[in-house]
Amino acid sequence: MSVEDSTLVVVARAALEGALRAALPHVARKIPEDAPDDGAGLLRLAVVQDCVMVLASAIDRKRAIAVRFTVLDGDSYSDGVKSMWLRRSAVEALATFLAGSPVERVSLLLDEREGVTVQETGVLYGPQMARVAPAAEPMDEDRVDAARLLLDGAHGVLYQDAAVEMDPAVVRTFAASAAAWQIPLRVRVGDGYGRSSFIWGTDACLGWSAGSVLLQAPVTGELLYDGPSIPYLEEALLPPVLVGSAGLPAGLRVYEGGEDS
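Residues numbered from 1 in each chain as written. Predicted model: local features only at pLDDT ≥ 70, side-chain atom pairs only at ≥ 80, totals over all residues. Heavy atoms only, no water.

1. Remarks on the overall build of the chain
The helix and strand tally for the chain stands at five helices and 14 strands. Here the chain holds 261 residues, and the buried ones make up 47% of them. When contacts within the chain are restricted to residue pairs at least 6 apart in sequence, long-range pairs at least 24 apart make up 73% of them. Accessible surface computed for the chain: about 12,600 Å², of which carbon and sulfur atoms make up 52%. (Helix = DSSP H or I, 4+ residues; strand = E, 2+ residues; numbered from the N terminus. Buried < 20%, exposed > 50% of the residue type's maximum accessible area, 1.4 Å probe, protein only. Contact = heavy atoms within 4.5 Å. Areas by Shrake-Rupley, 256 points an atom, 1.4 Å probe, with all protein chains shown as cover.)

Have a look at this one:
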């Protein structure tokens, strides 16, 4: 196995579990069989600069979230496998394993052949591990990019004042994310490219949703979000799908455990 085929980092167990659980409410429980291969409803686990990022978007593309936390150790995590996609059943399996582990640190391996492996570190005998196979990388030319949705939303301009209409289901979803990441539920609303955008959370746990505004005052000169997560989101942007690549075999990138998400 060459370094280009895998990426290995060491992270805080609690941070990885919290990030997975924060993104989980946005991952689809079941993706329709006739849905396009665009990645909506899946979770993407990525190594970006000195952080691990967990990104997800709803099937309807009206919600997205990105959670990031710092890598504690890694030999050459700037090369190798950058990201993998996971279905809900795989995310739940990893989160359950992490919740039952007593260690402070775990190793996270993204491997082209073996999938995603999380293993306890600092254990002299019998470290426990969990391994899941990723979903096939979405190859639709119009595949969803949670990082792009968040960047576009963040670049919206804050309203001076507004009367908003909020979907209770969306509020509950982001409340679950905030609880998992142990932050207050925060929201800002503004004009984002001709439609109202809501930015949830802040910095290391950042969400976006499209919304409705019943009454609005003029906008301010303040962006909805312009914090330290912006360069990470910019680097996490997905590259364009190569023409003709949709027909290429996906190899092991098919999740075989449990039901479809």
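Next, the rest of the story.
2. As for the side chain of S197
Examined against the element boundaries, S197 turns out to sit in strand 12 (residues 195-202). Among the residues examined, S197 registers a relative accessible area of 2% and is labelled buried. Reaching out from S197, the side chain makes a polar contact with the side chain of W208 at a distance of 3.1 Å. With sequence-adjacent residues up to four places away left out, S197 is seen in contact with G153, R188, V189, G190, G192, W208, S209 and L224. (Polar contact = N/O pair within 3.5 Å; in protein donor to acceptor, adjacent residues only side chain to side chain.)

3. A look at empty space enclosed by the protein
Overall, the coordinates contain three cavities of 30 Å³ or more when judged by the stated rule. Size it by volume and the largest cavity reaches roughly 60 Å³. Elements with a contribution of two residues or more to the lining of the largest cavity: helix 4 (168-181), strand 12 and strand 13 (205-216). When residues of the lining of the largest cavity are assigned to their parent elements, the largest contribution, three residues, is made by helix 4. Per-class residue counts for the lining of the largest cavity are eight nonpolar, three polar and one charged. Here the second largest cavity is characterised by a volume of approximately 50 Å³. Along the walls of the second largest cavity sit G39, L42, R44, L55, A56, S57, W85, V144 and A146, which together make up its complete lining. The dominant element in the lining of the second largest cavity, judged by the number of residues it contributes, is strand 3 (residues 51-57), at three residues. (1 Å grid on protein atoms, 1.4 Å probe; cavity = no way out; pocket = protein on both sides within 12 Å on 5 of 7 lines; lining within 4 Å. Points joined across faces, edges and corners; volume = space filled by probe spheres on them. Nonpolar A, V, L, I, M, F, W, Y, C, P; charged D, E, K, R; others polar.)

4. As for the nonpolar core
In terms of nonpolar packing, the biggest core is built from 38 residues, with L43, V52 and V116 touching the most fellow members. A per-element tally of this core places helix 1 (residues 13-23) first, with six residues. Residues contacting V52, with those up to four places away along its chain left out, are V9, V11, L45, A46, V47, V67, R68, F69, V71 and L108. (Core = buried A, V, L, I, M, F, W, Y, C linked by side-chain atoms within 4.5 Å.)

5. Quick look at the packing of aromatic side chains
In total, this model carries two aromatic pairs according to the counting rule given. Between F174 and W200, the ring centres sit 4.7 Å apart and the planes meet at 5°, which makes this aromatic pair stacked. Of the two residues, F174 is situated in helix 4 and W200 in strand 12; the sequence distance between them amounts to 26 residues. Residues F174 and W200 agree in their burial class; the two are buried. Centroid distance F198 to W200: 6.5 Å. Interplanar angle 25°. Geometry classified as stacked. Exposure class is identical for F198 and W200. Each is buried. (Phe/Tyr/Trp six-rings, centres within 6.5 Å; stacked < 30°, edge-to-face > 60°.)

6. A look at the packing of helix 1 against helix 4
It is the contact of helix 1 with helix 4, at a shortest axis distance of 8 Å, that shows an interaxial angle of 175°. Put simply, helix 1 runs roughly antiparallel to helix 4. On the side of helix 1, the interface is formed by A15, G18, A19, R21 and A22, while helix 4 contributes S177, A180 and W181. (Axes fitted to C-alpha atoms, helices over the stretch in contact; angles between N-to-C directions. Parallel < 35°, antiparallel > 145°, perpendicular 65-115°, else oblique.)

7. What to know about the packing of helix 1 against helix 2 (residues 88-99)
Put simply, helix 1 and helix 2 touch, their axes get as near as 9 Å, and they point 145° apart. Handedness of the crossing formed by helix 1 with helix 2: left-handed. Packed against helix 1, whose contacting residues are R13, L16, E17, L20 and R21, the element helix 2 presents V91, L94, A95, T96, L98 and A99 at the interface. The residue makeup of the contact of helix 1 with helix 2, split by class, is seven nonpolar, one polar and three charged. (Left-handed = near helix turned anticlockwise from the far one by under 90°.)

8. Some thoughts on the pairing of strand 2 (residues 43-48)
Of all the six residues making up strand 2, six are buried; the element is thus mostly covered by neighbouring parts of the structure. Across the two faces of strand 2 the burial is the same, with L43, L45 and V47 and R44, A46 and V48 all buried. The pairing of strand 2 with strand 3 spans six bridges and is classified as antiparallel. Looking at strand 3, one finds that L43 is bridged to A56. In textbook terms, the turn of a hairpin is the stretch between consecutive antiparallel strands, and for strand 2 and strand 3 this stretch comprises two residues, one of which, Q49, has a positive phi near 55°. Relative to strand 5 (residues 83-86), strand 2 runs antiparallel, the two being bridged by four bridges. (Pairing = 2+ DSSP bridges.)

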